[in-house]
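# Summary of the model geometry
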Amino acid sequence: MNVSDSERVASQLERLGYSIADSEETADVVLLNTCSVREKAEQKLYTRAGQLKRVEGPRKIVGVMGCVAQLEGNNLFKQDRGIDFVIGTKAVGRVGDAIAAAVEGEKRILDLGEREEDYDWLPIKSQRHSPYVAFVPIIEGCNKFCTYCIVPFSRGREKSLEASEIIRHVLELRREGVKEVHLIGQNVNSYRPKSESGLEAFKGTTPFSRLLRAVAATGIERVKFTTSFPRDYHADITDAINEHENLCNWVHLPVQSGSDSVLRAMKRGHTVESYKKKVDSIRSSPRNISLSTDIIVGFPGETEKDFMETCDLFEYCEYDSAYIFKYSPRPGTPAAELEDDVSTDQKKHRFLELEKIQRKMLQRSFERKKGSVLRVLAEKPSGREGQLSGHSPCQTVVNFEGDEEHLGTIVDVVVTEAKRNTLFGEIR
Ligand code: SAH
Ligand code: SF4
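Read on for a plain summary of the structure. (Residues numbered from 1 in each chain as written. Chains lettered and ligands numbered in written order. Predicted model: local features only at pLDDT ≥ 70, side-chain atom pairs only at ≥ 80, totals over all residues. Heavy atoms only, no water.)

## Points about the sheet that holds strand 15 (residues 397-401)
The mixed closed barrel is built from five strands, whose spatial order is 13-14-15-17-16. Sheet twist, expressed as the average angle between the axes of neighbouring strands with direction ignored, equals 55 degrees. As paired elements, strand 15 and strand 17 (residues 422-427) share four bridges and run parallel to each other. Looking at the pairing, F400 lines up with G425 of strand 17. (Pairing = 2+ DSSP bridges. Helix = DSSP H or I, 4+ residues; strand = E, 2+ residues; numbered from the N terminus. Axes fitted to C-alpha atoms, helices over the stretch in contact; angles between N-to-C directions.)

## Details of helix 4 (residues 95-103)
Three or four residues apart is the spacing at which side chains of an α-helix point the same way, because the helix has 3.6 residues per turn. If you check which residues of helix 4 are buried, you get V95, G96, A98, I99, A101 and A102. Downstream of helix 4 by one or two residues, G105 has phi in the positive range, about 100 degrees. (Buried < 20%, exposed > 50% of the residue type's maximum accessible area, 1.4 Å probe, protein only.)

## Brief notes about the site of ligand 2
Taken together, the residues surrounding ligand 2 are C142, K144, F145, C146, Y148, C149, V151, P152, Q186, N187, F229 and R268. Class assignment of the residues belonging to the shell around ligand 2 gives a composition of eight nonpolar, two polar and two charged. (Near = heavy atom within 4 Å. Nonpolar A, V, L, I, M, F, W, Y, C, P; charged D, E, K, R; others polar.)

## Quick notes on the environment of F135
Counting through the fold element by element, F135 comes out in strand 5 (residues 133-137). Those residues within four positions of F135 in sequence are excluded, and the remaining contacts are V3, S4, E7, H129, H182 and I184. (Contact = heavy atoms within 4.5 Å.)

## Side note on a positive patch on the surface
On the surface, a cluster of positive charge is made up of K40, K44, K326 and K348. As for its position among the elements, K348 is in helix 12 (residues 344-369). (Patch = residues over 30% accessible without salt bridge, like charges linked within 9 Å, V, L, I, M, F, W, Y side chains within 5 Å. Areas by Shrake-Rupley, 256 points an atom, 1.4 Å probe, with all protein chains shown as cover. Salt bridge = Lys/Arg side-chain N within 4 Å of Asp/Glu carboxyl O. Lys, Arg positive; Asp, Glu negative; His and termini not counted. Charge placed at Lys NZ, Arg CZ, Asp CG, Glu CD.)

## Brief notes about the sheet that holds strand 3 (residues 85-87)
Note: strands within a sheet are paired through backbone hydrogen bonds, in either parallel or antiparallel orientation. Across the sheet, which stays open at both edges, the four strands sit in the order 1-2-3-4 with parallel pairing between neighbours. The sheet terminates laterally at strand 1 (29-34) and strand 4 (109-111), the two strands that pair on one side only. Across this sheet, the average inter-strand angle for adjacent strands is 15 degrees, counted without regard to direction. Inspection of the sheet shows strand 1 paired to strand 2 (residues 61-66) by six bridges, in the parallel sense. Across the sheet, the residue bridging to V30 is V62, located in strand 2.

## Side note on the packing of helix 11 (residues 304-317) against helix 12
In the contact formed by helix 11 and helix 12, the axes pass within 10 Å of each other and the chain directions differ by 15 degrees. For the element pair helix 11 / helix 12, the angle class is roughly parallel. Seen along the crossing, helix 11 lies across helix 12 with a hand that is right-handed. For the pair helix 11 and helix 12, the contacting residues are E304, F307, T310, C311, F314 and E315 in the first and R350, E353, L354, I357, Q358, K360, M361 and R364 in the second. When the residues that make up the contact of helix 11 with helix 12 are grouped by side-chain class, the tally is six nonpolar, two polar and six charged. (Parallel < 35°, antiparallel > 145°, perpendicular 65-115°, else oblique. Left-handed = near helix turned anticlockwise from the far one by under 90°.)

## Looking at the pairing of strand 15
Here strand 14 (residues 387-391) pairs with strand 15 via five bridges, running antiparallel. Pairing of Q387 across the sheet is with E401, part of strand 15. Between strand 14 and the antiparallel strand that follows it, strand 15, lie five residues; Q395 among them carries a positive phi value of about 75 degrees.

## What to know about the site of ligand 1
Around ligand 1 lies a shell of 16 residues, among which Q186, P254, Q256, D294 and S328 are the nearest. The separation between an oxygen atom of ligand 1 and a polar side-chain atom of R38 is 3.0 Å. One of the backbone N or O atoms of Y148 is found 3.0 Å from a nitrogen atom in ligand 1. Alone, ligand 1 offers 540 Å² of accessible surface; in the complex the protein occludes 91% of this. Going through the elements one at a time, strand 11 (290-297) and strand 12 (321-326) are the ones with two or more residues in the shell around ligand 1. (Polar contact = N/O pair within 3.5 Å; in protein donor to acceptor, adjacent residues only side chain to side chain.)

## Some points on the pattern of salt bridges
For the structure on display, the rule yields 32 salt bridges. With a closest N to O distance of 3.3 Å, K203 and E243 form a salt bridge. Here E243 lies in helix 8 (residues 235-243) and K203 lies in the loop between strand 8 (180-184) and helix 7 (207-216), a separation of 40 residues in the sequence. K203 gets classed as exposed once you look at its relative accessible area, which sits at 52%.

## A few points about unusual backbone geometry
The amide bond that connects T226 to the next residue, T227, takes the cis arrangement and shows omega of 5 degrees. One can find T227 in the loop between strand 9 (222-226) and helix 8. One non-glycine residue, Q79, lies in the positive phi region at around 60 degrees. The topology assignment puts Q79 in the loop between helix 3 (67-72) and strand 3. Relative accessible area serves as the criterion here: at 63%, Q79 is assigned to the exposed category.

## Description of the pairing of strand 16 (residues 410-419)
In this sheet, strand 16 lies alongside strand 13 (residues 373-381) in antiparallel orientation, the contact comprising five bridges. Bridging from a neighbouring strand, R375 pairs with D412 of strand 16. Here strand 16 folds back onto strand 17 in antiparallel fashion, the turn holding two residues, of which R420 has a positive phi close to 40 degrees.

## Looking at the packing of aromatic side chains
Any two aromatic rings considered together are summarised by their centre-to-centre distance and by the angle between their planes. Using the criterion set out here, one finds six aromatic pairs in the structure. Summarising the aromatic geometry, the rings of Y119 and W121 are spaced 4.9 Å apart at their centres and angled 85 degrees between planes, so their arrangement reads as edge-to-face. This pair shows no difference in class: Y119 is buried, exactly as W121 is. Ring centres of Y148 and F299 lie 6.4 Å apart, and the angle between their planes is 85 degrees; on these two criteria the pair is classed as edge-to-face. With a gap of 151 residues between them, Y148 in the loop between strand 6 (139-140) and helix 5 (151-155) and F299 in the loop between strand 11 and helix 11 connect regions that are remote in the sequence. One aromatic cluster is present, built from ring pairs that chain together Y148, F299 and Y327. Looking at K326, its charged tip hangs above the ring of F351, at a distance of 5.2 Å from the centre. The ring centre of F424 lies 5.1 Å from the NZ or CZ of K419, which sits over that ring. (Phe/Tyr/Trp six-rings, centres within 6.5 Å; stacked < 30°, edge-to-face > 60°. Lys NZ or Arg CZ within 6 Å of the ring centre and 35° of its normal.)

Shape descriptors only; they carry no functional weight alone.
As structure tokens, then:
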């Protein structure tokens, strides 16, 4: 979501006549886009702002956007950190105004206001992270209020974009040569637009599955989507994947914990059993859908037994990838009121244990893939001479021998080797 925000701000600034500088040393304006999901991410802002103050040459205009900007607001002007403006998560359409005001000499510019009605969600080609893969936001914010999470406070309530607008964006991207779109949102499957306009012709019990079918019908080569909230994951999503080849066989379904008592304390709205049922149904798809997840270790009160249950669930689900996080109390969330009673050492130990299981599962999955053919979108040079890198529909990174002419095309790659998180292969 932050990368996507940055692409749109860069687009806005390019339209206003600015261009991206080669480095922070040569830049006149530096924008720090921030994350506050975990303390470490938040701490980075203060470190970076400090480094910028020490850069030699004329003083730069420094702006902060993103979640820390939204949550901290005026506080960021304290302690003389050299910050000129602070732009909240919904005010990013007005970064250009803030820079103009700072150029005029205005100090401590703060905008935590609402998003414009006509906010342009589509970044321009030159500012997208890839010419072939594009992010398409479909919903912003979150209403779930998991007890550990800051997102509902930093990103506000859920708001879905109109389906007709999303379809227009996908068609535009397709015209510009994009091969793969990622529909993004904190919880994409909680998608609930104000009107069904644009979805009438599509089947499915939830608006999200109808949207998936509508996006598939644009004819774009590949569609991926992330993140799916387990409680809102229904079989109609798997049905849509089963029936549309261009809906990719990958579901990111964060479980967070394998213990019912921890899940209750997190207020996730799912149990181990209900989650397993969803995994079983996804696994029964003939598309061989790959699964990934997010896990938090060391939530307040998590016992060794709770953690063992997480390990069991982990093995049961056979995830293809997992983001594992150590619990980090976020001020203002209900969990921050609880005693952070799992020691740093225990958190680290549990993190490493899960990582070990993950590596074992990944190796098994990679072994199964050896000799098979994957349809890989050639996205960029891998960094190795004569080698390209891209993703399979199931979101595995695949490197293979190839030339520039392959870039932006989907090629059949025979998998020959597996190393850590990457598969290697040859074009068939
Ligand atoms: N909406 C998504 C996740 C958004 S945040 C979902 O519900 O799955 C991304 C991930 O950060 C979460 O899935 C969670 O695993 C992790 N996370 C969020 N708050 C955290 C905290 N306080 N400490 C550690 N990890 C956290
Ligand atoms: Fe945070 Fe829960 Fe919302 Fe995900 S669903 S963003 S974890 S509150």
